[in-house]
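One letter stands for each residue in the lines below.
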Amino acid sequence: MRTPEENRKLADMLFPEVKESPEDVFKKYPKRNVEGMVLRFAPSPTGFIHTGNIYTGFVSTKLAKQSGGISILRIEDTDKNREIENGVTQIVQALKGFGIEFDEGMEDEDNWKGEYGPYIQSKRIDIYHVFAKNLVSKGYAYPCFLTEEELEEIRHKQEELKERTGCYGKWAKYRDASTEEIEDLLNKGGKFVIRLYSTGDIEESFNMKDLVKGSVTLRENDMDAVLLKSDGYPTYHFAHPIDDTLMGITHITRTDEWFSSVSLHVELFEKLGFKQIPYAHLSPLMKLDNGKKRKLSKRKDPEFAVSFYLENGYPKKALLEYLLNIANSNFYDWRIQNPQKDIEEFELKIEKFNKAGALFDVIKLEDICKNYIATLAAQEVYEMSLEWAREYDEELAKLLEENKDYCIKIFNIERTGEKIRKDIAKFGDIRDQLVIFFDELLNNVDIEDIEDRVGKAKQKNILNEYLKVFNISDTQEIWFEKIRNLASELGFEKVGDVAMVLRVAITHRTRTPDLYQVMQVLGEQKVRERIQKYVDMMI
Ligand code: GLU
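Residues numbered from 1 in each chain as written. Predicted model: local features only at pLDDT ≥ 70, side-chain atom pairs only at ≥ 80, totals over all residues. Heavy atoms only, no water.

Caption draft 1: Examining the site of the ligand more closely. Taken together, Arg-40, Ala-42, Ser-44, Glu-76, Tyr-236, Arg-254 and Trp-258 make up the full set of residues adjacent to the ligand. Residue Ala-42 places a main-chain N or O atom 2.8 Å away from a nitrogen atom belonging to the ligand. Here a nitrogen atom of the ligand sits 2.6 Å away from a polar atom, N or O, in the side chain of Glu-76. Contact with the protein chains covers 82% of the free accessible surface of the ligand, which is 290 Å². Tallied by class, residues from the shell around the ligand come to three nonpolar, one polar and three charged. (Near = heavy atom within 4 Å. Polar contact = N/O pair within 3.5 Å; in protein donor to acceptor, adjacent residues only side chain to side chain. Areas by Shrake-Rupley, 256 points an atom, 1.4 Å probe, with all protein chains shown as cover. Nonpolar A, V, L, I, M, F, W, Y, C, P; charged D, E, K, R; others polar.)

Pasting the structure below:
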């Protein structure tokens, strides 16, 4: 055991350049004067932005906003191996694309807003060193010179002896090394990390309240976890209590994967002398796979990547709405009671967060998207489709641009009145919606065969007779009356068969939106042309 004096000496030896004390640092981060929650979203810039990021980022900003508090975007870039160029900008842009914006934090690779920065960990190294030095001087941390190979060896031994693996207790070789031994190793240029000198006891438990999980009982930590890596960068474990405390975070909303490290984090808060900030561990997004729940995976599930929603053109607002469904199950009832309200008006509650793992289901998402798009005016559908197409389907964008009024008419089919059509889930579906209205698209589509229902000769007969009575200015009632008359004159039992022949002749499909409305949009000339072409083709 080193004496307090020796620990102070050790701290100076390890961090000669650090002159500040924790108190000096705290002076630069005055206590905030806000009533609401101060929450942060703290992603790492790895280049892969997933649905879980949108979920955590969205709920954190929403909770902060609705409480009159502050939301912060902090970038955790201390794992240099995982980092990619422009990673910060990518995150900022992706979140912005979903309307998720922060009051403070990073805006791109180099710039941030707010008084509690830097909001990127690689620019906070000096701060972590102040606290690391302080811990060493108090005997709560120490340099450890174990090499990768030695750690591997320890691990093997532990496995052989069927003991817990890791660097703790008697296995933590350098925790009580003498100052002389350490000085000697340092002089020889030995590489070291700074580890926590844990005083926890794995046999002891303690209770704490997680804001999502409720009251939990955890075993104490006894691992001498790494606080600073050999490159001087902090680990997540060490950086987050420091950042969250200095930035005045009131609740730590983070994903469940960190729950298993809570005992370590509690010990770190204690040893750093900080007041524990409550945790809210958000359950991960799950999926049903062969009847079993499992986490959404980057490798297996395309829907895990945010690019999936962007490329397919899922409306962003509908994705957020679905995420609210997942977060708080009472959102469902709220939506039924408030079909027209904006999701901003829904009050999200931490204590109502799904505890068991939130099921993410693309089919349900699509239902929400369909409902959402059904609430839009034709003009809005047009604008959103165009915005999407400009990025992802140039040909479609051109078509939309050149035929604006016509397309708005198309999108207006079954968009008003009592029964609103809900068949667009994503802007990637729009092309298919337009096919029947543009000859150049329709010509590439096979005509659906209905010969087993109505033979060729009869089809021809129906169509020739129809052309004689067709009048585009007919009301829907008269239009239908004419089809009914035709059916009885030609001896068809089912009016539907006659309508079907018309439908296929005009659109090549057996299923379309309301045929009367489709014909109205196409106009008299086009309808006649198509019917004639179909008849001619049947010779
Ligand atoms: N940087 C951590 C991650 O990417 C964030 C954990 C947290 O929110 O505290 O998972």
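Caption draft 2: Up close: empty space enclosed by the protein. Counted by the stated rule, this structure contains one cavity of 30 Å³ or more. Within this model, the largest cavity holds a volume of roughly 30 Å³. For the largest cavity, the full set of lining residues is Phe-470, Asn-471, Ile-472, Asp-474, Trp-479, Tyr-516, Met-519 and Gln-520. Residue contributions to the lining of the largest cavity peak at three residues, all from helix α22 (residues 515-522). (1 Å grid on protein atoms, 1.4 Å probe; cavity = no way out; pocket = protein on both sides within 12 Å on 5 of 7 lines; lining within 4 Å. Points joined across faces, edges and corners; volume = space filled by probe spheres on them. Helix = DSSP H or I, 4+ residues; strand = E, 2+ residues; numbered from the N terminus.)

Caption draft 3: How the structure looks around the sheet that holds strand β4 (residues 112-113). Overall, mixed pairing links the four strands, which are arranged β1-β2-β3-β4 in an open sheet. Edge positions in the sheet fall to β1 (38-41) and β4, since each has one partner strand and no second. Two elements, strand β2 (residues 70-73) and strand β3 (residues 104-106), share two bridges in a ladder whose sense is parallel. Counted as the bridge partner of Leu-73 is Gly-105 from β3. (Pairing = 2+ DSSP bridges.)

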